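Residue-level listing of the chains:
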Amino acid sequence: GWNTRLLDSIASMGTDMIRDTVPWNKVETVKGQYDFDIYNAQWLNKALDAGIEVVLAFNPTHLLYDAGGTVHSAQGLKAFASFVVATLKQYPGVSAIEIGNEYNGNTFVTGAVAAAPKSQRDEFYNELVSAVDAALDAAGIGVTLIGASTHSIPVDYFADLEAGGVLDHVDAISIHPYTTPPEQ
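No experiment lies behind these values; they were computed from the predicted model shown.

K.L.:
Mind showing me how you'd approach the overall build of the chain here?
P.N.:
Secondary structure summary: the chain contains eight helices and five strands in total. If you list the helices and strands of the chain from N to C, you get α-β-α-α-β-α-β-α-α-β-α-α-β. Against the compact-globule benchmark of 16 Å for 184 residues, the chain has a radius of gyration of 16 Å, which places it among compact chains. Burial status across the chain gives 47% buried among its 184 residues. Taking the intrachain contacts of the chain between residues at least 6 apart in sequence as the baseline, contacts between residues at least 24 apart amount to 72%. On the chain, roughly 8,900 Å² of surface is accessible, and the fraction owed to carbon and sulfur atoms is 52%.

Structure, rendered in structure tokens:
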């Protein structure tokens with residue numbers, strides 16, 4: 001999370017948007033119980049109060065679910081979606097959320113999802129985004145949903161996401177156009 005002392009400087013420089021995360025493992029230390037009074041989340045209210053637009057990236061990995069790997073089971077997906085909803089209820093001024101980070105690469109995906117064939121990665125991601133989208137709808141939360149969040153520009157992966165319906169659930173996509181291979 002942002003150091004709250006930096007937010008005044010950032011706002012004075014004309015910055016009007018921040019992308020960051022609230023660490024799931026620090027907010028939910030007991031299954032189903034959330035404590036947003038953590039250092040990593042203190043910046044959020046200050047940023048929102050200063051009129052800075054906040055985009056939250058949510059990383060779907062937690063030690064309490066799916067053996068600490070990227071969530072993929074029904075229980076893990078539900079827990080992740082519930083955390084996203086709880087966070088947005090705590091911080092209703094958040095304008096957009098990004099689900100996962102470079103899910104097509106090897107850096108931010110772990111456990112069974114990382115061990116599965118790469119050809120199945122889009123299927124796991126579709127289940128993840130679908131779970132979050134359904135939870136947001138059920139909670140009546142309207143927020144811009146950003147998906148894909150890819151390492152590089154993986155044309156085949158995008159085709160798979162489209163074929164699987166992921167792009168029907170998201171309002172925008174995020175691409176990190178590195179020149180290094182996603183399999184680094």
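The rest of the description comes next.
K.L.:
Explanation requested: helix H7 (residues 155–164) in the structure shown.
P.N.:
Along an α-helix, residues three or four apart share an orientation, since each turn contains 3.6 residues. The set of residues buried in H7 consists of Tyr157, Phe158 and Leu161. One face of H7 carries all of its buried residues, which in axial projection span an arc of 100°. Exposed residues pointing more than 90 degrees away from the buried face of H7 are listed as Val155, Asp156, Glu162 and Ala163. Buried residues along H7 sit against helix H6 (121–139), strand E4 (144–151), helix H8 (166–169) and strand E5 (172–176). Positive phi shows up at Gly165, right after H7, with a value of about 95°.

K.L.:
For this particular structure, what's the right way to read the side chain of Asn101?
P.N.:
You can see Asn101 is positioned in the loop between strand E3 (96–99) and helix H5 (111–115). Among residues more than four places away in sequence, those in contact with Asn101 are Arg19, Asn59, Phe108, Ser149 and His176.

K.L.:
What should I look at first to understand a nonpolar patch on the surface in this one?
P.N.:
A cluster of nonpolar side chains, contributed by Ile153, Val155, Ile173 and Ile175, occupies part of the molecular surface with about 360 Å² of accessible area. Judged by its relative accessible area of 35%, Ile175 is partly exposed.

K.L.:
I would appreciate a short explanation of unusual backbone geometry in the present structure.
P.N.:
Peptide bonds are trans in most cases, and residues, glycine excluded, mostly fall at negative phi. Here the phi dihedral of Ala67 falls at roughly 55°; this positive angle occurs in a residue that is not glycine. Along the chain, Ala67 falls in the loop between strand E2 (53–58) and helix H4 (74–90). One non-glycine residue, Ser152, lies in positive phi territory at about 65°. Inspection of the secondary structure assignment puts Ser152 in the loop between E4 and H7.

K.L.:
Just checking my understanding: could you explain the side chain of Asp133 for this structure?
P.N.:
By the secondary structure assignment, Asp133 is in helix H6. For the buried Asp133, no salt bridge exists, and the shortest N-O distance to an oppositely charged side chain is 15 Å, to Lys89. A polar contact of 2.8 Å, which involves the side chain of Asp133, links it to the side chain of His169.

K.L.:
I tried to follow the packing of H4 against H6 on my own but got confused; where do I start?
P.N.:
For any two helices packed against each other, the geometry is given by the interaxial angle and the distance between the axes. Contact geometry of H4 with H6 gives a least axis separation of 9 Å together with a crossing angle of 45°. For the element pair H4 / H6, the angle class is oblique. Between H4 and H6 lies a crossing of right-handed hand. Contacts between H4 and H6 involve Leu77, Phe80, Ala81, Val84, Val85, Leu88 and Lys89 from the former and Glu127, Leu128, Ala131, Val132, Ala135, Leu136 and Ala139 from the latter. Split into classes, the residues belonging to the contact of H4 with H6 amount to 12 nonpolar, no polar and two charged.

About the cut-offs
Residues numbered from 1 in each chain as written. Predicted model: local features only at pLDDT ≥ 70, side-chain atom pairs only at ≥ 80, totals over all residues. Heavy atoms only, no water. Helix = DSSP H or I, 4+ residues; strand = E, 2+ residues; numbered from the N terminus. Rg over C-alpha atoms; globule rule 2.2 N^0.38 Å. Buried < 20%, exposed > 50% of the residue type's maximum accessible area, 1.4 Å probe, protein only. Contact = heavy atoms within 4.5 Å. Areas by Shrake-Rupley, 256 points an atom, 1.4 Å probe, with all protein chains shown as cover. Arc of directions from axis to C-beta. Patch = residues over 30% accessible without salt bridge, like charges linked within 9 Å, V, L, I, M, F, W, Y side chains within 5 Å. Salt bridge = Lys/Arg side-chain N within 4 Å of Asp/Glu carboxyl O. Lys, Arg positive; Asp, Glu negative; His and termini not counted. Polar contact = N/O pair within 3.5 Å; in protein donor to acceptor, adjacent residues only side chain to side chain. Axes fitted to C-alpha atoms, helices over the stretch in contact; angles between N-to-C directions. Parallel < 35°, antiparallel > 145°, perpendicular 65-115°, else oblique. Left-handed = near helix turned anticlockwise from the far one by under 90°. Nonpolar A, V, L, I, M, F, W, Y, C, P; charged D, E, K, R; others polar.

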